[in-house]
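Now for the letters of each chain:
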Amino acid sequence: MSLPRQRESEMRTCKTCTLTEKFPSARFNAEGRCNYCLAHEAEDRRDDNASEYRIKFEKLISIHAGKGQYDVLAAFSGGKDSTYTLDLFRNHFRLKVLALTFDHGFVSPYAVGNIRTVTEALGVDHIMFRPDFHLVRDIFRASAARHFYAKKAIERSSTICLSCMNLARLIMIKTAQEKKIPFIGFGWSPGQAPVQSSVMKNSPYIINAMQRSLARLIDGSSAREIPAYMNGPGQNSGSMPINVHPLAFMEYDERKIYDRIAGLGWQKPADTDANSTNCLMNAFANRVHIEQYGFHPYDFEISGLIRAGVMTRAEGLERLTRPENEEIIRHVKKRLGLTS
């Protein structure tokens, strides 16, 4: 399947955003506009919501910050958004930050350099967590081959990225609990996750769901036991850290973000796809998702950014149709053992 060629010529695409008729929950009116764009116009309260959740986070800071060695455990991939988020925690909210990078075996060498440069520039402590690659490889291979994620989940992310995020989130929760860190920070853009989820406490139910999902992927594909970082987080709801993704309630302007992080020494990678600034796996994950489901896994995020006024429709379409780096895709497939 070649989605970029089909997007405008063969498939109906929303006249306002980038969602196509292949997107599972998309519906179009007579003018060719999708239900998400129509709902956004009818209920656009983002400014009010942003203020509400920013105040909520600031109140929680006044309650929880300053009581331990660290205030927030920041998921730091080395990408654009996680770098800017790390800077917000350190310099805007004035929190004591511990950064954690989940190295799944496909981190761009450029991102590794950015991670070192930015953590030094910001003066934050940093952990690089690198699990058993053979187990991670099995999970990614199973994610590419099997269909068991809910429809709502695959609308927002590729199956490989969903599995990767579940692994990363379990590692983050376990680490935050062990170190008694009250907040876990993520660099999700406004298009990736709604402002309503921007300040949310973890729960045993969330942990159990992620553990069950990963266990199904491992079952039958690996003889190894499920490692401690996948089932180790405590189930006491009272000790659960609070997830925060501040880009949902702070100003989000990609040009300003690039300018700010460039001042920290961050450089844009030359080996990642149009929708990632840290991960070599992403292009392959996108291709698998398109072949399986017929729509781009970044459609939802980019459409959300267009509706928020962060990106033009032309810019969004260009991001979704830019050719992938075939050499990087071959490298990923070889490392996953998917080449003959």
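The rules behind the values
Residues numbered from 1 in each chain as written. Predicted model: local features only at pLDDT ≥ 70, side-chain atom pairs only at ≥ 80, totals over all residues. Heavy atoms only, no water. Phe/Tyr/Trp six-rings, centres within 6.5 Å; stacked < 30°, edge-to-face > 60°. Helix = DSSP H or I, 4+ residues; strand = E, 2+ residues; numbered from the N terminus. Buried < 20%, exposed > 50% of the residue type's maximum accessible area, 1.4 Å probe, protein only. Arc of directions from axis to C-beta. Salt bridge = Lys/Arg side-chain N within 4 Å of Asp/Glu carboxyl O. Core = buried A, V, L, I, M, F, W, Y, C linked by side-chain atoms within 4.5 Å. Contact = heavy atoms within 4.5 Å. Pairing = 2+ DSSP bridges. Right-handed = clockwise from strand over helix to strand, strands pointing away. Polar contact = N/O pair within 3.5 Å; in protein donor to acceptor, adjacent residues only side chain to side chain.

Novice: Which residues make up the packing of aromatic side chains, and what values do they have?
Specialist: In total, this model carries twelve aromatic pairs according to the counting rule given. For the ring pair Phe23 and Phe295, a centre distance of 5.2 Å and an interplane angle of 70° mean the geometry is edge-to-face. With Phe23 in the loop between α1 (3-9) and α2 (35-42) and Phe295 in the loop between α12 (281-293) and α13 (299-307), this pair connects stretches of sequence that are 272 residues apart. Judged on exposure class, the residue Phe23 and its partner Phe295 are both buried. Seen in terms of ring centroids, Tyr36 and Phe300 are 5.8 Å apart; in terms of plane orientation they differ by 90°. Their pairing is edge-to-face. Here the residue Tyr36 occupies a position in helix α2, and Phe300 occupies one in helix α13, the gap between them amounting to 264 residues. Judged by relative accessible area, Tyr36 falls into the buried class, the value being 19%.

Novice: Explain α13 to me, and be specific about the residues and the numbers.
Specialist: For α13, the buried fraction is high: nine of the nine residues fall into the buried class. Gly309, located one to two residues past α13, shows a positive phi value of around 80°.

Novice: Summarise helix α14 (residues 313-321); cite the residues concerned and give the values.
Specialist: Turning to α14, its buried residues are Gly316, Leu317, Arg319 and Leu320. In an axial view of α14, the angular spread of the buried residues amounts to 160°, which keeps them on one side of the axis.

Novice: An account of unusual backbone geometry is requested, with residue identities and associated values reported.
Specialist: A positive phi angle, near 60°, is found at Arg94, a position not held by glycine. Its identity is not glycine, yet Lys180 carries a phi of approximately 55°, on the positive side. Tracing the sequence through the fold places Lys180 in the loop between α8 (159-178) and β4 (183-185). For Lys180, a relative accessible area of 69% gives the class exposed.

Novice: Explain the pattern of salt bridges to me, and be specific about the residues and the numbers.
Specialist: Per the stated rule, a full pass over the model turns up 13 salt bridges. One salt bridge connects Arg287 with Glu326, and the closest N-O pair in it is separated by 2.6 Å. With a gap of 39 residues between them, Arg287 in helix α12 and Glu326 in helix α15 (residues 326-336) connect regions that are remote in the sequence. Several salt bridges converge on common partners, so that one network encompasses Lys80, Asp81, Glu254 and Arg319.

Novice: Tell me about the nonpolar core, residues and numbers included.
Specialist: By size, the foremost hydrophobic cluster in this structure holds 60 residues, and its most contacted members are Ile139, Phe140, Met230 and Met281. Elements with a minimum of two residues in this core: α2, β2 (97-102), α6 (133-145), α8, α9 (204-218), α10 (228-231), α12 and α15. If we ignore the near neighbours within four places in the chain, the residues touching Ile139 are Ser163, Leu167, Leu214, Leu217, Ile218 and Met230.

Novice: Quick one: what's the story with the pairing of strand β1 (residues 72-75), residue by residue and with numbers?
Specialist: Taken together, the four bridges between β1 and β2 define a ladder with parallel strand orientation. Bridging across to β2, Val72 finds its partner in Val97. Traced from β1 through helix α4 (residues 80-92) to β2, the parallel crossover comes out right-handed. Pairing geometry for β1 and β4, over three bridges, is parallel. Paired with Leu73 across the two strands is Ile184, which belongs to β4.

Novice: Tell me about the side chain of Ser158, and name the residues and values.
Specialist: Along the chain, Ser158 turns up in the loop between α7 (151-156) and α8. The class of Ser158 is buried, set by a relative accessible area of 1%. A polar contact is formed between the side chain of Ser158 and the backbone nitrogen of Cys161, at a distance of 3.1 Å. Those residues in contact with Ser158, other than ones at most four positions away along the chain, are Ala285, His289 and Pro297.

Note that all results are geometric; they support no functional claim without further evidence.
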